[in-house]
Structures are given as C-alpha cells and as structure tokens.
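# Coordinate analysis (summary)
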Amino acid sequence: SERLRDELWKMLASTAPDRAIDLLRTYNLLRPLLPEVADMEGVAQTAPHDADVYQHTLRTMRYALQLCDWLKGDAALETTAAGAEIAAALSPYLPRLRQLLLATTSAERRALDWLVWFALWHDVGKPATRTADHFDDGAIRYRFLGHEEVGAEMAARRLDALKFSRVEVALVQAVIRAHMRPHLLHVSFGSEPISRRACYRFFRDSERRTADALVGVATVLLALADYQAIHAVSPPPTWADYVRHMRDLLAYGLAPGGLEEVRAPLLDGHTLMAYFDLPPGRQVGVLLEQLREAQAAGEIATPEEGLALAAQLLAQDVLP
C-alpha cells in the first residue's frame, strides 16, 4: 500500500496529473488502483456541465494544477482572462496563502500539493448518488444529491487503505464534504457580497477538527478550479461575480478583522452562567454560538453589547 501511495503521489505531483490518471485508465490500471475514480467514466451530467463526471474531474485537476503553480510562483495566471481575474483577486492574500498552504501535512507532503488530489476526489460520490428525472419531451435531468458526503467517505476509505496519515485523510474528507458550499453561496448572494455571517458559518462548518482556516481556504481554491471546469467556455458565466465571492471568503478567513477576530470571543460560558444564573447545559452552548455569529456579523463588538444581546435572546425564550 505504501508503495502504491508513493507512486501515485509522484504521478499527481507531475506537470500533467490529469494525463497520468488517464494513462492509468488507458493501460487498465486505474480500476485496480482507484476503482472509485474509474467508476466516474461515462457518468453523464446535465447542463451547465458539458462533460461526464470523469472528464470534468480531469479538467478540474488541470485548473487546480494551474492554481498550485501560480501559488508557488512557478507560473502566471494572467495568460487567460479567467486566470487574470483569479490573480487580481487573490494577490493581496498571496503571502498568507503561501504561509498556510506550503506547510507540510505529513512526510514532507505539503497542503498545497493536495489541491490536485482534492480535484481528483471532489465528485467521486456522484456515480453512487445519481438519479434521473425524465420529462415528457424526452429530456433528462440528472441529480447527485448528497454526493459530497458520500464522496468524502469514499475518499477517506481509499486514502486510509493507501496508508496516508490520519491528518491528511481528515483534510481531504473535510474539503470534499464542503466543496459545494462556495457554489451555493455564490448562487444565494448573486451580485451582492457574501455577508460576514455567511462567511463565518462557512469557515465554522468547514473547519471541523482543524485549528485554522486551512480547510476553508483549500475548499475555496478547489471551488475556483471546479467552477471553471463545469463550463466549456472560458471565462464561464458570472465568472467575475464568482471570483469576487471567493475573494469575500478568503478575505474573511485570512485578512485582519475576519475569522481571527471571532476566535477571541467576547464572552465565555462561565461569564454567561454567572451573569444570568444559568445552569451548565446545551442552552449555554447555543447562546455562545449565537453571540459568536453576532460578533462575526459585526452586530456586537464589546462584552457589554454581548450581554445585552444575550439578555434579549433569553427574554425571547427561543433557546433550548
């Protein structure tokens, strides 16, 4: 297993990881090594997708590699209109991105190098979750509800079998599980900026067991590659708005005044229990989370404002 892992890692760290995967398929090696990836071939999708799941995955890997090379300083993104939009949006955060992503996860493997693996696995749950809606005019609409959850578990099992570290398996699992969130946020906010509250919830939900913004940041980078790969045209529709939304998320996760500020809560559970004479329990935890969201949204900025909001919430009797 360790030998297979190391050979696959070298293949996907090459200058053409998508080509490496397709060569494995050509020589009938993909199914014995990565049967979940092989199962994506021929799984049709409907608009806006123009390719099956397998070909879309290879395309996502190519865009992910472009991002990796740009983040490492090995290549420019400005050679295309879509790439130029990404470079302009992400450049202010480049030092922080490099600091976060060039750290090793295990055995000298860097977090940044996992971006191509995120792309490889992000839609692996689609074959198992596909359903089809048939219409009177003969049209078919395919759905893949819950594919991110199923795919996260499938990826975790395979990477565990390949003897990757628990930290790396958890990282891949968390990113795959979260990879639809940026797309949904983009649709929800349209041409408007993503709200601070929504940014906070994105990082809160994606971080899981991690102690920093790594999962959320990696998910945003995967989303940029994924969104480009969905569409045959470049730049894809609403690309400028999409990139601005991804910048909103990165700014909240990496820039001062965003996520790092909420990590220092205005109040703790002991203060709330003493001030309001509350017993330990779930109610205190829910109240603390409501206050963190309000702090993230900029609605409260001092402990006194936090206590006033807590009093309102308790008076409304909506907490468990």
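The preceding data block contains the structure.
Residues numbered from 1 in each chain as written. Predicted model: local features only at pLDDT ≥ 70, side-chain atom pairs only at ≥ 80, totals over all residues. Heavy atoms only, no water.

## Quick word on unusual backbone geometry
Let me state the cut-off plainly: Helix and strand definitions here come from DSSP, where helices need a minimum of 4 consecutive H or I residues and strands a minimum of 2 consecutive E residues; each element is numbered from the N-terminal end.
Here A47 and P48 are connected by a cis peptide whose omega angle stands at 10°. A cis amide bond links S234 with the next residue in sequence, P235, at an omega value of -5°. With respect to the helices and strands, P235 occurs in the loop between α14 (214-230) and α15 (239-254). Unlike most non-glycine residues, N28 shows phi in positive territory, near 60°.

## Thoughts on the environment of I21
Inclusion rule: Here's how the labels work: a residue is buried when its accessible area is under 20% of the maximum for its type, exposed when over 50%, partly exposed in between, all with a 1.4 Å probe on protein chains only. Two residues qualify as a contact provided that any one of their heavy atoms is within 4.5 Å of a heavy atom in the partner residue.
Take I21: it is sitting in helix α2 (residues 17-26). Classification of I21 by relative accessible area gives buried; the value is 0%. Sequence spacing of I21 and A38 is 17 residues, and the spatial spacing of their C-alpha atoms is 9.5 Å. Setting aside its immediate chain neighbours within four residues, I21 contacts L12, L30, L34, V37, Y54, L58, M61 and L120.

## Some points on the pattern of salt bridges
Condition: The salt bridge criterion pairs a side-chain nitrogen of Lys or Arg with a carboxyl oxygen of Asp or Glu, the two atoms within 4 Å.
If you walk through the whole model with that rule in mind, you get 25 salt bridges. A salt bridge links D18 to R62, with the shortest nitrogen-to-oxygen separation between them at 2.8 Å. Taken as a pair, D18 in helix α2 and R62 in helix α5 (residues 53-72) lie far apart in primary sequence, 44 residues in all. The buried category is assigned to D18, whose relative accessible area is 11%. Residue class for R62 comes out partly exposed when judged on its relative accessible area of 38%. Across the pair D69 and K72 runs a salt bridge whose closest N-O atoms are separated by 3.9 Å. Pair noted here: D69 and K72 are both in helix α5, with a separation of three residues, about one helical turn. Exposure remark for K72: the relative accessible area of 29% places this residue in the partly exposed category. Here the residues in one salt-bridge network are R181, R197, R201, R204, D205, E289, R292, E293 and E299, joined through shared partners.

## Structural notes on the packing of aromatic side chains
Our working definition: Only the six-membered ring of Trp is used, alongside the rings of Phe and Tyr, when aromatic pairs are assigned; centres must lie within 6.5 Å, and planes under 30 degrees apart are stacked while those over 60 apart are edge-to-face, with the rest tilted. Look at NZ for Lys and CZ for Arg. If either is within 6 Å of the ring centre and within 35 degrees of the ring normal, a charge sits over the ring.
According to the stated counting rule, one finds 12 aromatic pairs in the structure shown. Centroid distance Y227 to W239: 6.0 Å. Interplanar angle 15°. Geometry classified as stacked. In this pair, Y227 sits in helix α14 while W239 sits in helix α15, placing the two residues 12 residues apart along the sequence. You can call Y227 buried: its relative accessible area is 10%. Their ring planes at 10° and their centres at 4.0 Å tell us that Y227 and Y242 sit as a pair that is stacked. Placement of Y227 in helix α14 and of Y242 in helix α15 is noted, with a sequence separation of 15 residues between them. Comparing Y227 with Y242 shows no difference in burial state: the two are buried. Joined through ring pairs, the aromatic side chains of W9, W114, W117 and F164 make up one cluster. In this structure, R109 packs its charged tip against the face of W9, placed 5.6 Å from the ring centre. Across the ring face of F144, the terminal group of K126 is positioned such that the distance to the ring centre comes to 4.9 Å.

## Some remarks on the pairing of strand β3 (residues 131-134)
For a regular strand, side chains alternate in direction, first toward one face of the sheet and then toward the other. We apply this condition: A pair of strands is considered paired only if DSSP assigns at least 2 bridges between the two.
Strand direction decides the pairing type here: β3 and strand β4 (residues 140-143), joined by four bridges, are antiparallel. Following the sheet pairing, T131 is matched in β4 by R143. Between β3 and β4, which follow one another and run antiparallel, lie five residues, and G138 among them has a positive phi close to 90°.

## Side note on the environment of F118
The residue F118 is located in helix α8 (residues 114-121) in this model. Sequence-wise, F118 and F164 are 46 residues apart; in three dimensions their C-alpha atoms are separated by 14 Å. Non-local contacts of F118, meaning those with residues more than four positions away in its chain, are made with L171, V172, V175, I176, A218 and L222.

## A closer look at the side chain of H147
As a reminder of what qualifies: Any N or O atom pair separated by 3.5 Å or less is treated as a polar contact, with the protein-specific requirement of one donor-capable and one acceptor-capable atom, and with residues adjacent in sequence counted only for side-chain atom pairs.
Along the chain, H147 turns up in helix α10 (residues 147-161). What makes H147 buried here is its relative accessible area of 5%. At 3.3 Å, the side chain of H147 forms a polar contact with the side chain of H179. Contact partners of H147, with chain neighbours within four places excluded, come to H122, D123, G125, K126, T129, H179 and M180.

## Structural notes on the packing of helix α1 (residues 2-12) against α2
Using the following cut-off: All axes here are fitted lines through C-alpha atoms, helices being fitted over the stretch that makes contact, and every angle between N-to-C directions spans 0 to 180 degrees. For classification purposes, angles smaller than 35 degrees are called roughly parallel, those larger than 145 roughly antiparallel, those between 65 and 115 roughly perpendicular, and all remaining angles oblique. Here the nonpolar group is Ala, Val, Leu, Ile, Met, Phe, Trp, Tyr, Cys and Pro; Asp, Glu, Lys and Arg are the charged ones; every other residue, Gly included, is treated as polar.
Where α1 contacts α2, the two axes come as close as 7 Å, and the packing angle between them is 130°. The pairing of α1 with α2 is recorded here as oblique in orientation. Residue-level contacts link L8, M11 and L12 of α1 to P17, A20, I21 and L24 of α2. Across the contact of α1 with α2, the residue classes break down as seven nonpolar, no polar and no charged.

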